[in-house]
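Below, each chain spelled out in residue letters.
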Amino acid sequence: MAFFGLIGNDQKLATQEYSGRESASDKAARKRRQGHHRNAAKAARQGQGWEASERSRQDRGGWWRTH
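This report concerns the structure included in the present document.

Conventions used here
- Residues numbered from 1 in each chain as written.
- Predicted model: local features only at pLDDT ≥ 70, side-chain atom pairs only at ≥ 80, totals over all residues.
- Heavy atoms only, no water.
- Helix = DSSP H or I, 4+ residues; strand = E, 2+ residues; numbered from the N terminus.
- Expected span 1.5 Å × (residues − 1).
- Buried < 20%, exposed > 50% of the residue type's maximum accessible area, 1.4 Å probe, protein only.
- Salt bridge = Lys/Arg side-chain N within 4 Å of Asp/Glu carboxyl O.

**A few points about helix α2 (residues 24–60)**
Reasoning step 1: Here α2 is 37 residues long and its end C-alpha atoms lie 54 Å apart, about the 54 Å a rise of 1.5 Å per residue gives.
Reasoning step 2: Buried within α2 we find A29, G35 and E54.

So, in structure tokens, the structure goes:
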């Protein structure tokens, strides 16, 4: 009947066994934040690339600027 001694202390056992470990919900939230950050950085790089190419295209000029 040692089984009945375990009822009620499951939270105590869980805190002992999993102390110092990241919870599943915390891990999922961290992964979401990292994914957003990664996508934002990629979008910023693409925007900077477009801006540089657009600036060089405008600086080159064309036939309408020479007439």
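The rest of the description comes next.
**Overview of the pattern of salt bridges**
Reasoning step 1: According to the stated counting rule, one finds three salt bridges in the structure shown.
Reasoning step 2: A salt bridge links E22 to R30; its shortest N-O distance comes to 2.9 Å.
Reasoning step 3: For R30, a relative accessible area of 27% gives the class partly exposed.
Reasoning step 4: A salt bridge links E54 to R57, with the nearest nitrogen and oxygen atoms 2.6 Å apart. Taken as a pair, E54 and R57 lie in helix α2 at a separation of three residues, close to a single helical turn.

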